[in-house]
Amino acid sequence: MKKTLLFLLIIISNFYFSQGDCVSALGVCGNSTITYSPTGIGNTNESLGDCLSTGEHNSIWYKFKIATSGTLTFVINPSDPTVDYDWAVYGPNTSCGSLGFPIRCNAATVIGVNPDTGLDMTSTITSAAGGSSTPYCKYMDVVAGETYFLYLDNFQGGASTNVSPFTLTWGGTATLASPFTDPAILQFPLVPPGSPAANPSDPKEVLICINPAVFNFNVLTPGILNGNSNFVVSYHYTQNDAISGANPITTQITVNTSTVYYYSVHYQDPTNPTNPINYCRETGKFKFKLGSISAYDGNLEVCANPTNPNVATFNLDLANVTTQPAAVKTYYSTMAAAQAGTNPISPSNAYVSAPGVVYVKVADLAGCYTIVKITLKIVSQVYSTILKDKTICIDDRATLDAGPGFASYEWSTGATTQVVSGLPVGSYWVKLQTGNCFAIQKVNVLPYTQPIISSVDISFAKVVVNVSGGKAPYKYSMDNINWQDSNVFTKVKRGEHLVYVKDANQCHEVDIEITVPNIVNAITPNGDGYNDYIDYSALANKANLVFTVYNRYGNKMFEANKFNDYRWDGTSGNKKIGTGNYWFSITWTEPKRNNTPVNYSGWILVKNRD
């Protein structure tokens, strides 16, 4: 706290106060200037001896402790030049019960233009009796830790009413001890109670809810001390009592908005109750002001829970409902609970709720309060309406566009742009920001479904390619150069061939290897060695090869397999069949092309001769 405020007990205190003997000495707080106006002789009219043998008139005692060694001087300057101040210093390290002879004493009568008196660096005397014209005594050499008493008496006052304050200014190289300037004792600034008044020169103002009001001053103490230990705060009706610590207010009292009240802070050394710095006090004044809580309804918007968009987590403390400093806010789910002060919401920074309303009681330290409401809103995530799954050829690359209007973009690839390119087939996501909310939108780059050659039918020189999947219409080729719309190829020579197919997506073509077998139109199984059988053993390397012969009625006559080497000699059940036309079918699968079934069929003439 500012030095001028720290020592209001001694600075600019223009009032009259009767101070008793040295046991009631006021503590000096450091080297700050003292301004005071003593009146009266205290409890005892003391005869102090030496230059002060005439007794007291308007006196005051001070006690001070040396913080750093050096020389010590002071100047006592009466504000009224017709007033004569006498003084004496006792010590070092004396007690009120045995002050001993003063080590410096001056009762010189020097009034008029310059009535100053005190210690300076040029005087050589240690005492000046009444009537002397030497107002200054010799400086003091002091040592850190020493304590001294200083007595001042306004002689001029006498029985008259002519009293005047003095101002005492310290000098020399020594410093005086103060708990309020020692960082080892006062670790944090003391904080005066209340808020500044409209006129900064007026006392600070503490709010009360009604006028008059019953008030407990102790509620102000933690704020004044601000975490400092071993300090004591007391409260008083007068500045007089605040400076001396007399007549503290110890119970709740009825206060009003017109009376000025005072607080007094002093250090209490936990190891030395007689430490002189314990008597040093900081005082201040304050008034009460009729308070009214300034609060208003507020709104709170948060982003929807991605897994449950109907609820969200609200930090109620973020709602703007008041600008009043140090306001205490308590939250409730209903108005009835807020009015009764029951079942507060806790914790208030993680309230899970659907959209709705909560109520907040806004109070100050004086207990004044009002109840306002907070409207809870849930903001849904905003997703891109143009970002869709994209289908590409398996070896191509895709470009994805999340669309404009978002505050930021963050792709799973690490990109932070609206558009990303060069993406292969795969799954991706983008985090889209709208206001303070983020939405994660998933998107896929899919491969086109390739067409599948589902089967091939071969009939003599005719090849029919059957296709499924992909995107129609299809195109067909047997050389991957010349393409046709028809799936039928004619005049196909026997042997191995590749058939190519591509769909409307124009991705890579698919192909299948086919075999057009040697075409046999007739057999004469008469044992002459010519056309005695049909031989399809050349197809034995095909998977699932089946060679079947049927009569005109569809009855199976013969089935060749690896055991008869895929040959047929015109018999059925080891008996010759009659001369005529028979239908045959040869089927197999092409394992290199997704096990595509191939069907080769036709008619054959069998001529049997006896």
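Refer to the structure printed above.
Predicted, not measured: the structure shown is a model, and the values here were computed from it. (Residues numbered from 1 in each chain as written. Predicted model: local features only at pLDDT ≥ 70, side-chain atom pairs only at ≥ 80, totals over all residues. Heavy atoms only, no water.)

J.: How do you make sense of the state of the cysteines when you look at a structure like this?
T.: Defined simply, a disulfide is a covalent bond joining two cysteines at their sulfur atoms. A complete count under the given rule lists six disulfides for this structure. Cys209 shares a disulfide with Cys368; S-S distance 1.8 Å. Between Cys209 and Cys368 the sulfur-sulfur dihedral comes to about -125°; the bridge is accordingly left-handed. One end of the pair, Cys209, is in the loop between strand 15 (204–208) and strand 16 (213–215); the other, Cys368, is in the loop between strand 25 (356–363) and strand 26 (369–379), with 159 residues separating them in the sequence. Residue classification places Cys368 among the buried residues on the basis of a relative accessible area of 5%. Each sulfur in the disulfide pair Cys393 and Cys507 lies 1.8 Å from the other. Its torsion about the S-S bond being -85°, the disulfide of Cys393 and Cys507 is classed as left-handed. (Disulfide = S-S within 2.5 Å. Helix = DSSP H or I, 4+ residues; strand = E, 2+ residues; numbered from the N terminus. Buried < 20%, exposed > 50% of the residue type's maximum accessible area, 1.4 Å probe, protein only.)

J.: Hey, could you run me through the packing of aromatic side chains in this one?
T.: By convention here, two paired aromatic rings are described through the distance between centres and the angle between planes. Scanning all chains against the criterion turns up 31 aromatic pairs. Note on Trp61 and Phe149: the rings are 6.4 Å apart at their centroids and 80° apart in plane angle, and the pair reads as edge-to-face. In this pair, Trp61 sits in strand 4 (residues 59–68) while Phe149 sits in strand 12 (residues 147–154), placing the two residues 88 residues apart along the sequence. For Trp61, a relative accessible area of 0% corresponds to the buried category. (Phe/Tyr/Trp six-rings, centres within 6.5 Å; stacked < 30°, edge-to-face > 60°.)

J.: I would appreciate a short explanation of the nonpolar core in the present structure.
T.: Across soluble globular proteins, you tend to see nonpolar side chains buried next to one another. Ranked by size, the top nonpolar core spans 38 residues in total, and within it Ile458, Val463, Val465, Phe547, Trp568 and Ile586 carry the most contacts. Counting only elements with at least two residues in this core, the list comes to strand 33 (452–459), strand 34 (462–468), strand 37 (495–502), strand 38 (510–516), strand 41 (543–550), strand 42 (556–560), strand 46 (580–590) and strand 47 (596–606). Apart from residues no more than four positions distant in its own chain, Phe547 is found in contact with Ile534, Tyr536, Phe558, Glu559, Ala560, Tyr566, Trp568, Phe584, Ser585 and Ile586. (Core = buried A, V, L, I, M, F, W, Y, C linked by side-chain atoms within 4.5 Å. Contact = heavy atoms within 4.5 Å.)

J.: What is the right way to look at the side chain of Asp241 in this model?
T.: With respect to the helices and strands, Asp241 occurs in helix 3 (residues 239–244). The charged side chain of Asp241 is buried without a salt bridge, its nearest counter-charge being Arg281 at 10 Å. Discounting residues that sit within four places of it in the chain, Asp241 has contacts with His236, Ala246 and Asn247. (Lys, Arg positive; Asp, Glu negative; His and termini not counted. Salt bridge = Lys/Arg side-chain N within 4 Å of Asp/Glu carboxyl O.)

J.: I would appreciate a short explanation of the side chain of Lys361 in the present structure.
T.: With respect to the element layout, Lys361 can be found in strand 25. Aside from chain neighbours lying at most four places away, what touches Lys361 is Val328, Lys329, Thr330, Tyr332, Ala338, Gln339, Gly341, Tyr369, Thr370 and Ile371.

J.: I'm lost on unusual backbone geometry in this one. Help?
T.: Across the chain, the bulk of peptide bonds are trans and the bulk of non-glycine residues have phi less than zero. The amide bond that connects Ser346 to the next residue, Pro347, takes the cis arrangement and shows omega of 0°. In this fold, Pro347 is placed in the loop between helix 4 (335–340) and strand 24 (351–353). A cis amide bond links Ala472 to the next residue, Pro473, at an omega of 5°. Assignment of secondary structure puts Pro473 in the loop between strand 34 and strand 35 (475–477). Non-glycine residue Asn93 carries a positive phi angle of around 60°. In this fold, Asn93 is placed in the loop between strand 6 (85–90) and strand 7 (104–106). The residue Asn544 is not glycine, and still its phi comes out positive at about 55°. On the secondary structure map, Asn544 appears in strand 41. On the basis of relative accessibility, which here comes to 58%, the residue Asn544 falls in the exposed class.

J.: Sorry, what's going on with the pattern of salt bridges here?
T.: Scanning all chains against the criterion turns up four salt bridges. A salt bridge links Glu205 to Lys289, with the nearest nitrogen and oxygen atoms 3.9 Å apart. One end of the pair, Glu205, is in strand 15; the other, Lys289, is in strand 20 (residues 281–290), and 84 residues separate them in sequence. Here Lys475 ties to Asp485 by a salt bridge, and the two come within 2.6 Å at their closest N and O atoms. Pair noted here: Lys475 is in strand 35 and Asp485 is in the loop between strand 35 and strand 36 (488–489), with a separation of 10 residues, a long-range link. With a relative accessible area of 33%, Lys475 lands in the partly exposed category.

J.: Honestly, the sheet that holds strand 23 (residues 328–332) in this entry has me stumped. Any pointers?
T.: In a beta sheet, neighbouring strands pair by backbone hydrogen bonds and run either parallel or antiparallel. With mixed pairing, the four strands of this open sheet are ordered in space as 21-26-25-23. For this open sheet the edge positions go to strand 21 (298–303) and strand 23, each flanked by a neighbour on one side alone. Taken pair by pair, the neighbouring strands of this sheet meet at an average axis angle of 30°, ignoring direction. Pairing geometry for strand 21 and strand 26, over six bridges, is parallel. (Pairing = 2+ DSSP bridges. Axes fitted to C-alpha atoms, helices over the stretch in contact; angles between N-to-C directions.)

J.: Is there a simple way to think about the pairing of strand 20 in this case?
T.: Residues in a regular strand point their side chains to alternate faces of the sheet. The pairing of strand 15 with strand 20 spans five bridges and is classified as parallel. Bridge pairing in strand 20 links Leu207 to Lys289. In the sheet, strand 19 (residues 261–267) pairs with strand 20 via six bridges, with the strands oriented antiparallel. By the bridge assignment for strand 20, Tyr261 is matched with Phe286.

Note that every value here comes from positions in space, so none of it alone points to a role or purpose.
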